[in-house]
Amino acid sequence: MLGRMEGDYDVVVVGGGPAGLAAAIGARDAGATRVLVVDREDEAGGILLQCIHAGFGLHYFKEELTGPEYAERFVARALDRDIDVVGSAYVSGAGLDSDGTRRVRVMREGHGIRTVRSRAMVLAMGCRERTRGALHIPGTRPAGVLTAGLAQRFVNVMGLLPGRRVAILGSGDIGLIMARRLTLEGCEVVGVFELMPFSNGLTRNVVQCLGDFGIPLHLSTTVVEIHGQDRVDKITVAPVGADLAPDLSRCREVACDTLLLSIGLVPENELSQGLGVELDVVTQGPRVSSTLETSLPGVFACGNVLHVHDLCDYVTEEALLAGRFAGELAGGVKRPRDNIRVVPGDNVRYCVPHTLAPGREHTIYLRSERPLRPAAIRVGDLVRRKLGFVTPAEMITFRIKPDVLDRFHGEALRIDLLGEPAGPHLAGAEP
Amino acid sequence: MSPVTTTLTCIACPIGCALRLTHEGRDIVELAGATCDRGAKYAAEELIDPRRQLSTTVAIEGARSARLPVKVTRPVPRDRVLEAVAAIHRLRVRAPVRAGEVLLEALLGEEGLAVVATRSLGRVGP
Amino acid sequence: MSERYDVVVIGGGVVGAAIARELSRFRLRIALLERQAEVGFGTSKTNSGIIHPGHDTSSATLKGRLVVRGNALYDRLAAELHFGFRRIGQLNVALEPADLVALERLKAQGDAKGVPGLELWDPARLRREEPNLSRELRGALHAPSAGVINPYELVFALVESAARNGVELAVDCPVTALAADGDGLAAHTPRGVFRGRFVLNCAGVASDRVAALAGAATFTITPRKGEEYMLDKRLLGLVRRLVFPVPSPKTKGTLIIPTFDGTIMVGPTAEDVLDRDDVATTARGAREVFAFVRRLCPSIDPRDAITAFAGLRAVADGNDFVIGPTSVRGFVNVAGIQSPGLTAAPAIAEHVRDLLAAEGLALVAKPDFAPEVRAPARFAHLAPEVQEALAARDPRFARVVCRCELVTEAEIDDAVDHGARTLDGLKFRTRAGMGRCQGGFCTPRAMEILARRLGVPLHAVTKRGGGSWIALPMGAEQEA
Ligand SMILES: Cc1cc2nc3c(=O)[nH]c(=O)nc-3n(C[C@H](O)[C@H](O)[C@H](O)COP(=O)(O)OP(=O)(O)OC[C@H]3O[C@@H](n4cnc5c(N)ncnc54)[C@H](O)[C@@H]3O)c2cc1C
Ligand SMILES: Cc1cc2nc3c(=O)[nH]c(=O)nc-3n(C[C@H](O)[C@H](O)[C@H](O)COP(=O)(O)OP(=O)(O)OC[C@H]3O[C@@H](n4cnc5c(N)ncnc54)[C@H](O)[C@@H]3O)c2cc1C
Ligand code: SF4
């Protein structure tokens with residue numbers, strides 16, 4: 001992507017996915033005049049460019065768009081605002097000067113390597129997919145084992161099919177969406193195998209991507225071995241017990257030439273670690289304040305690099321905020337430091353942000369540890385609200401009004417999810 | 001005819017409410033579980049005329065990528081999705097193309113079902 | 001095609017490559033035939049990469065003698081061929097009181113063989129030098145001459161050096177039949193017939209089969225599988241030296257290996273298998289490896305495994321290397337090269353050279369033998385100013401192909417120039433795809449470059465040749 005890149009900016013945004021683009025717009029709208037977005041792909045848009053299905057933008061654009069449409073609109077909005085957007089530009093390092101200037105080192109195809117300085121920096125590098133190694137599935141190492149996201153890129157961008165007979169491990173959304181996508185392209189999807197007793201994907205995707213095509217979803221089942229010399233020729237699957245250990249006495253073989261992995265996403269924080277940003281061991285993203293500022297002053301984070309989101313609209317919402325605070329900071333606005341710590345309580349896997357300040361409205365993103373129904377959220381002893389059904393697959397967003405925190409006098413605000421553990425709720429899923 | 005109860009998962013929005021639908025033939029007697037009106041609408045549609053959003057890609061020549069993502073502007077009858085895809089896959093596109101450009105009208109012979117590009121791709125090379 | 005050679009080497013592993021390169025010093029016509037799409041894709045790729053000191057093998061065996069000489073040859077070899085090599089030292093640690101006695105025996109054996117610098121360490125010294133090891137350990141034997149290499153880099157460099165000095169390399173070239181031919185042998189392959197006065201059998205785990213093709217079936221190979229597990233970068237620097245237990249007669253045991261690149265690897269197992277293609281890792285293997293290494297170093301966690309592989313040691317009956325001429329004229333075995341074959345390879349090459357001379361091969365040194373090959377550019381290791389200068393000169397250095405290992409397009413191009421034909425070939429030459437994301441990001445880019453450079457469509461790119469296709473063309477039915 002063509003674009004201008006100077007040496008000095010108010011705000012530099014690393015990553016031009018939906019998070020990075022929205023952050024840049026947020027910063028610009030908060031008064032930052034010189035804003036740069038850098039992305040290592042040829043063009044900005046991030047993962048959205050390969051997510052050709054609809055489901056984006058209901059909150060933000062009030063219409064249902066496909067990933068590329070959502071991306072294109074955001075790029076246009078950024079360019080309209082005179083934001084510099086450059087592609088084929090990889091940020092290979094970042095640092096903080098002693099005077100507080102933030103630096104990124106950009107390797108840009110055709111332009112060499114250059115250091116860019118800024119008053120504030122936004123980390124928006126997205127996430128990567130977990131690979132086979134994360135599970136250590138025993139067996140051979142043939143071609144044909146790949147992540148669902150890579151398969152998505154093959155099919156939607158490169159015009160390649162990952163194989164003919166495809167098994168999918170993990171019921172994450174990307175895997176579910178690829179099950180449908182590959183079926184439409186004439187592949188046979190022999191089944192989706194999920195370790196947990198519930199799907200990790202959105203219900204909508206289970207219904208539309210599997211149910212419609214009669215693709216079986218095998219819950220509480222995992223792949224215990226991969227076979228094939230040059231190319232996958234089959235896999236062995238086995239049911240798992242309550243301790244998630246496979247019951248090898250009940251294993252069976254499934255013929256396939258491809259195994260897609262849809263077993264989770266990991267925030268891409270090598271750059272943040274190089275910078276010295278403090279990470280949360282649960283989210284694997286930076287610990288952030290209520291202004292989405294990391295442990296390093298003037299360095300903000302948003303989108304999937306902060307914590308894995310399942311809906312792009314929430315990424316946008318969060319990133320607009322991060323950008324706004326980065327823009328304000330670049331303009332010299334100082335906000336009082338947070339003085340309330342958020343503590344994930346019962347059934348809560350994590351909460352973002354990690355700290356809050358009174359006097360402002362906050363959006364808290366959290367994930368439950370297990371499906372609960374009926375569920376309720378309890379914030380300290382200040383608020384209790386019904387949520388209906390919650391599942392780890394779907395992030396919960398919760399707004400805390402300023403007056404709520406005004407009533408809070410402690411230092412640690414505990415958030416609990418209450419409710420009865422719910423079993424598998426999907427009709428049609430086979431054990 | 002006596003009422004029948006079906007459970008459906010609402011897919012009109014990502015929340016995915018579990019709907020319990022009691023109906024006599026095509027007449028809905030009772031609907032439980034919907035959080036909003038779209039749930040009721042979805043349940044009715046799913047009963048009478050189930051439809052699905054459809055997006056895929058088509059081959060494109062002269063562009064940086066090999067495939068052009070496309071979508072159908074309105075939902076397609078669920079039972080004709082594969083037929084629709086086959087028709088779309090027969091399309092051949094040459095760059096440049098703009099997002100929103102109509103590539104095919106009256107898909108499946110149905111007025112209002114248009115296939116449009118969902119991204120812009122410039123022309124590269126000759 | 002039918003060509004005549006002085007020497008035909010069957011097998012492009014470290015052994016065949018080292019021999020071909022050694023012989024390329026002389027006025028000889030040499031062919032190196034490899035069954036797979038690239039050299040070094042056999043056992044020489046899937047091992048621990050350790051240059052053993054040699055104190056753990058008896059000098060009564062051929063392997064016990066060649067290993068010490070091989071180790072000593074590595075400094076010069078690395079200086080000439082520029083593959084990564086570092087003498088990081090090795091510790092054999094005592095888990096039980098009885099092990100202390102064994103360590104003293106090992107030291108005595110090593111001292112007698114001339115293994116340099118062996119030293120016994122008490123627990124206090126051990127703790128000071130390697131604070132992350134278990135506090136239960138009772139002492140250690142330190143062998144400073146132990147080194148680590150990236151074994152595939154060694155094979156690539158040996159073959160490149162051999163080729164520069166005139167050796168003709170043929171890949172995708174399995175020898176399927178061997179027949180007497182004048183005063184030598186004819187090796188039949190799908191790529192033609194290669195006639196040689198001498199045919200060297202360096203076929204690794206397949207060496208007994210190749211011997212049988214020649215009518216010299218005097219030994220059998222039992223593959224002994226070893227599984228290895230690579231760990232996350234979280235553990236970088238966990239130990240500075242190779243950590244071994246006390247060896248058993250069958251194996252050197254399960255080890256903690258700080259690889260040349262710094263990544264920690266644990267393994268191998270040792271299990272006799274029937275199938276010569278069985279390079280599958282197993283749940284049991286993983287359990288065994290982690291259970292054992294956690295006794296050595298409790299901070300290692302099975303969750304750290306980022307990838308695993310297995311290799312087959314070619315164990316001949318007799319449990320020693322099988323090197324020498326056979327009853328079939330011109331057919332020479334360099335077979336059963338089990339561990340420490342990597343270490344011994346340069347010494348094996350010298351040994352085979354002398355043996356061929358004794359068999360009547362005239363060795364006339366070439367005055368123009370060029371011992372050096374250039375090291376491949378490794379962008380990630382350069383100083384920032386050097387990186388910037390390179391990128392300013394050549395834009396391909398500013399295009400990142402593999403983000404985890406910071407591999408640039410220029411390095412990928414260079415690897416193709418030096419013989420990479422497959423994704424694995426690129427990976428082992430440049431590290432593209434070896435990092436945390438295991439190819440998730442770089443696979444499409446690497447495929448595109450390979451396809452362009454080889455002049456083939458994207459779907460013709462393979463993981464490692466043969467039937468290891470990666471993707472199919474889309475819409476074949478639509479084109480019709
Ligand atoms: C394969 C996949 C499929 C998905 N499908 C869906 C879906 O269908 N619906 C949905 O709502 N969500 C989906 N998600 C989640 C999706 O990631 C988010 O909705 C959204 O794209 C996250 O936005 P982001 O900007 O945080 O990350 P991304 O979209 O991943 O953008 C991050 C950007 O940063 C760039 N980058 C990273 N590091 C550097 C660097 N060092 N230098 C320069 N640039 C860098 C990357 O190239 C990338 O463009 C999917 C995620 C993945 C991985
Ligand atoms: C797990 C493990 C760990 C090890 N660790 C170490 C270590 O740390 N240090 C050490 O010194 N040693 C180690 N070894 C041993 C070492 O790896 C081997 O001794 C060495 O690689 C053997 O090399 P090779 O050339 O004989 O075999 P290979 O590398 O297997 O080469 C044989 C080649 O012959 C080819 N071939 C076979 N049949 C034909 C045919 N018909 N026509 C043409 N080509 C053919 C094959 O494709 C192959 O490329 C280890 C071994 C294993 C398994
Ligand atoms: S009923 Fe309403 S809220 Fe519930 S899933 Fe359907 S559309 Fe969404």
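Quick caveat, the model's predicted, so the values are computed rather than measured.

**Concerning unusual backbone geometry**
Here B:Ala95 and B:Pro96 are connected by a cis peptide whose omega angle stands at 0 degrees. Structurally, the position occupied by B:Pro96 is in the loop between strand 8 (92–94) and strand 9 (102–104). Of note, A:Ser88 is a non-glycine position whose phi angle comes to about 50 degrees, a positive value. One non-glycine residue, A:Asn347, lies in positive phi territory at about 60 degrees. Note that A:Asn347 resides in the loop between strand 21 (340–344) and strand 22 (348–352). A:Asn347 sits in the buried class, given a relative accessible area of 15%.

**Some remarks on the packing of helix 1 (residues 18–29) of chain A against helix 2 (residues 67–80) of chain A**
Residues and elements named next belong to chain A. Where helix 1 meets helix 2, the closest approach of the two axes is 9 Å, and the angle between their N-to-C directions is 30 degrees. Compared by their axis directions, helix 1 and helix 2 come out roughly parallel. As helix 1 packs across helix 2, the resulting crossing turns out to be left-handed. Residues Pro18, Leu21, Ala22 and Ile25 of helix 1 form the contact with helix 2, whose participating residues are Tyr70, Ala71, Phe74, Val75, Arg77 and Ala78. Looking at the contact of helix 1 with helix 2 residue by residue, the classes come out as 9 nonpolar, no polar and 1 charged.

**Digging into the domain arrangement of chain B**
Each assigned domain of chain B is listed here: domain 1 (4–48) and domain 2 (55–117). The distance between the C-alpha centroids of domain 1 of chain B and domain 2 of chain B comes to 30 Å.

**Thoughts on the side chain of C:Thr443**
Tracing the backbone shows C:Thr443 in helix 12 (residues 442–454). Discounting chain neighbours no more than four positions away, the residues touching C:Thr443 are A:Leu150, A:Phe154 and C:Leu423.

**Notes on the site of ligand 1**
Residues and elements named next belong to chain A. Close contacts around ligand 1 come from 32 residues, with Ala19, Asp39, His53, Val91 and Asn304 the closest. Here an oxygen atom of ligand 1 and a backbone polar atom of alanine 124 are 3.5 Å apart. Take aspartate 310: an N or O atom from its main chain is 3.3 Å from an oxygen atom of ligand 1. Compared with its free state, where it exposes 950 Å², ligand 1 has 95% of that area covered by protein. Put simply, the parts of the chain that give the shell around ligand 1 at least two residues each are helix 1, strand 6 (89–96), helix 3 (148–158), helix 4 (173–184) and helix 7 (312–330). Sorting elements by how many residues they give to the shell around ligand 1 places strand 6 first, with 3 residues. Here the residues of the shell around ligand 1 are counted per class, giving 17 nonpolar, 11 polar and 4 charged. Taken domain by domain, the shell around ligand 1 gets at least three of its residues from each of domain 1 (9–128 + 266–330) and domain 2 (131–263).

Rules used in this analysis
Residue numbers here run from 1 along each chain, matching the order of that chain's written sequence. Just so you know, chain letters begin at A and ligand numbers begin at 1, following the order they were written in. For a predicted model such as this one, the threshold for reporting local features is a pLDDT of at least 70, and the threshold for listing and counting side-chain atom pairs is 80 or more; totals across whole chains, interfaces and linings nevertheless cover every residue. Hydrogens are left out, water is left out, and the side-chain values use all remaining heavy atoms of the structure. Runs of E in the DSSP output that reach at least two residues are strands. Runs of H or I that reach at least four are helices, and both are numbered from the N terminus. Note on classification: 1.4 Å probe, protein chains only; a residue is buried when its accessible area is under 20% of the maximum for its type, exposed when over 50%, partly exposed between these limits. Fitted lines through C-alpha atoms serve as axes, helices being fitted only where they are in contact, and the angles separating the N-to-C directions of these axes extend from 0 to 180 degrees. Should an angle fall under 35 degrees it is called roughly parallel, over 145 degrees roughly antiparallel, and 65 to 115 degrees roughly perpendicular, with every other angle called oblique. Take the far helix as the reference: if the near one is turned anticlockwise from it by less than a right angle, the crossing is left-handed, and if turned clockwise, right-handed. The contact definition used throughout considers only heavy atoms, calling two residues in contact when any of these lie within 4.5 Å. Throughout this entry, Asp, Glu, Lys and Arg are counted as charged residues, while Ala, Val, Leu, Ile, Met, Phe, Trp, Tyr, Cys and Pro are counted as nonpolar. The remaining residues, Gly among them, count as polar. Throughout the structure description, domain borders are defined by an automatic or database domain assignment. If even one non-hydrogen atom of a residue comes within 4 Å of a molecule or strand, that residue is called near it. The definition of a polar contact used here is a pair of N or O atoms within 3.5 Å, where within protein one atom must be able to donate a hydrogen and the other to accept one, and adjacent residues in sequence count solely through side-chain atom pairs. Methods summary: accessible areas were calculated by the Shrake-Rupley approach with a probe of 1.4 Å, and residue burial reflects only the protein chains presented.

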